[in-house]
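One letter stands for each residue in the lines below.
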Amino acid sequence: MTITETILASPAKINLHLRILGLRADGYHELHTLFYPVTGLYDTIKIEPGHDENMFMRCPKNPDLESTSNLIYKAWKAFGTATGFMPGLFVTLDKRIPMGGGLGGGSSNGATMLRWLNENAGDKALPLNELVALAAGLGADIPFFLMDAPAWAGGIGEMLTPADITLSGMTLLVACPDIHVDTPWAFKAWDQANDFPNLQESLTTPELGTKNPAPVSPLAIVNDFESVVFSKHPILRKIKEMLIQNGASGAAMSGSGASLFGLFRNKDAATTAAQALEKDGIEIFTMDCI
Ligand code: C5P
């Protein structure tokens, strides 16, 4: 096949709702979460023809990402191994989504690569269920980014159900303090804070007073990581409070942090909150929800 130069947008996500249901026998955690795509905040991935069956990757702003542990490279390698479609590529990644902030930038990049490969693989293309399984093997958040729409996720984040939800008319503010939360640490801290709740116990005996989370309204804006992450980084609680004091209808941390988001009905209130946070040196993105 002939590869033509293409520039792909690789969007961020927020978790409008994130409950940790318990620890599984394999060490992963069962989740119930609502992923929402943030199309106004995205990295770009430029794809150009390369040589033989090699991928050469550049990331001018973040050269440390030019490595075989990058999910773009891992996606290309895994797709090629599974299907035999391994085109020579020259890939340039332009990062705008802050890294290590719970906004899913790396996972999105991997999914964007997988989608492009599958769309160009001709008769080697995978059916959607196999593509999703391949994506889940690379990272729990990656399957979501294969869809273009909000989705509820169960399992470790890979069991997706489209969510009929729109934030249209609201202004989304994403605050990205210069704090990086290690996701495995956050899960372990949650385990310790909850006496290592075993998943079966969580599912069978919630009404008997275990320390596991109680069922909540699925539309609540909530994030179970906040208790442990806010204890370690109290500034994050202050940012959340500040968003609400400035008129956010709802605010929470995204993923395992440390980014926070606020949803505003009033755009001017969002602008005021953004200016106040920027004065404190916090990187802010605001956008109209469509
Ligand atoms: O799959 P991903 O690479 O995003 O996960 C990073 C780490 O977070 C895993 O190695 C695991 O320790 C933890 N994790 C978890 N339960 C999940 C997702 C991730 O315990 N549902």
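Residues numbered from 1 in each chain as written. Predicted model: local features only at pLDDT ≥ 70, side-chain atom pairs only at ≥ 80, totals over all residues. Heavy atoms only, no water.

**Considering the nonpolar core**
Next up, step 1: Grouped together as the largest cluster of nonpolar side chains are 37 residues, with contacts concentrated most on Met55, Phe79, Leu89, Met113 and Leu114.
Next up, step 2: With seven residues, the single largest contributor to this core is helix H1 (residues 71-83).
Next up, step 3: Among residues more than four places away in sequence, those in contact with Met55 are Ile72, Tyr73, Trp76, Leu89, Val91 and Met113. (Core = buried A, V, L, I, M, F, W, Y, C linked by side-chain atoms within 4.5 Å. Buried < 20%, exposed > 50% of the residue type's maximum accessible area, 1.4 Å probe, protein only. Helix = DSSP H or I, 4+ residues; strand = E, 2+ residues; numbered from the N terminus. Contact = heavy atoms within 4.5 Å.)

**A look at the confidence of the model for the protein chain**
Next up, step 1: For the protein chain, mean pLDDT is 90; residues scoring 70 or higher make up 92% of the total.
Next up, step 2: Within the model, the stretch residues 201-218 combines pLDDT values under 50 with 19 contacts to residues more than four positions away or in other chains. (pLDDT = per-residue confidence, 0-100.)

**Section: the site of the ligand**
Next up, step 1: Contacts to the ligand come from Gly27, Tyr28, His29, Leu31, Gly139, Ala140, Ile156, Thr183, Pro184 and Phe187.
Next up, step 2: His29 is positioned such that a nitrogen or oxygen atom in its side chain is 2.7 Å from an oxygen atom of the ligand.
Next up, step 3: One of the backbone N or O atoms of Ala140 is found 3.0 Å from an oxygen atom in the ligand.
Next up, step 4: Where the shell around the ligand is concerned, the elements lending two or more residues are strand S2 (29-49) and helix H5 (183-193).
Next up, step 5: For the shell around the ligand, the element with the most residues is H5, which contributes three residues.
Next up, step 6: Taken together, the residues of the shell around the ligand break down into six nonpolar, four polar and no charged. (Near = heavy atom within 4 Å. Polar contact = N/O pair within 3.5 Å; in protein donor to acceptor, adjacent residues only side chain to side chain. Nonpolar A, V, L, I, M, F, W, Y, C, P; charged D, E, K, R; others polar.)

**Some details on helix H8 (residues 234-245)**
Next up, step 1: For H8, built from 12 residues, the straight-helix expectation of 16 Å at 1.5 Å per residue is met to within 8% by its first-to-last C-alpha distance of 17 Å.
Next up, step 2: Within H8, the full set of buried residues consists of Leu236, Ile239, Lys240, Met242 and Leu243. One face of H8 carries all of its buried residues, which in axial projection span an arc of 160 degrees. Turned more than 90 degrees off the buried face of H8, the exposed positions are Lys238 and Gln245.
Next up, step 3: Tucked into the core, H8 has its buried residues touching strand S7 (171-176), helix H7 (226-232), strand S9 (248-253), strand S10 (260-264) and helix H9 (267-279).
Next up, step 4: Remark: Gly247 follows H8 within two positions and exhibits a positive phi of approximately 110 degrees. (Expected span 1.5 Å × (residues − 1). Arc of directions from axis to C-beta.)

**Concerning the packing of H8 against H9**
Next up, step 1: Packing of H8 against H9 brings their axes to within 9 Å, and their N-to-C directions diverge by 150 degrees. Here H9 runs roughly antiparallel to H8, going by the angle between their axes. Here H8 and H9 pass one another in a crossing that is right-handed. Judged by residue contacts, Ile239, Met242 and Leu243 of H8 engage Ala273, Ala276 and Leu277 from H9. (Axes fitted to C-alpha atoms, helices over the stretch in contact; angles between N-to-C directions. Parallel < 35°, antiparallel > 145°, perpendicular 65-115°, else oblique. Left-handed = near helix turned anticlockwise from the far one by under 90°.)

**Structural notes on the sheet that holds S7**
Next up, step 1: With respect to topology, four strands assemble into an open sheet ordered S9-S10-S7-S11, the strand pairing being antiparallel. Of all the strands in the sheet, just S9 and strand S11 (283-288) have a single pairing partner and so form its edges. In this sheet, adjacent strand axes meet at a mean angle of 15 degrees when their direction is disregarded.
Next up, step 2: Strand direction decides the pairing type here: S7 and S10, joined by five bridges, are antiparallel. Paired with Ala175 across the strands is Leu260, a residue of S10.
Next up, step 3: Here H9 sits on the sheet and contacts S7, S10 and S11; the angle it forms with S7, its principal contact strand, is near 10 degrees. (Pairing = 2+ DSSP bridges.)

**Some thoughts on the environment of Leu18**
Next up, step 1: Take Leu18: it is sitting in strand S1 (residues 6-23).
Next up, step 2: The sequence separation of Leu18 and Thr33 amounts to 15 residues, and the corresponding C-alpha distance is 4.3 Å.
Next up, step 3: Setting aside anything within four residues of it in sequence, one finds Leu18 in contact with Leu31, His32, Thr33, Val222, Asn223, Asp224, Phe225 and Gly255.

**Structural notes on the pairing of strand S3 (residues 55-58)**
Next up, step 1: Judged by which residues are buried, S3 turns out to be one-sided: Met55 and Met57 face inward and are buried, whereas Phe56 and Arg58, on the alternate face, are not.
Next up, step 2: The pairing of S3 with strand S4 (residues 89-94) spans four bridges and is parallel. Bridging across to S4, Met57 finds its partner in Val91.
Next up, step 3: The parallel pair S3 and S4, bridged by H1, forms a crossover whose chirality is left-handed. (Right-handed = clockwise from strand over helix to strand, strands pointing away.)

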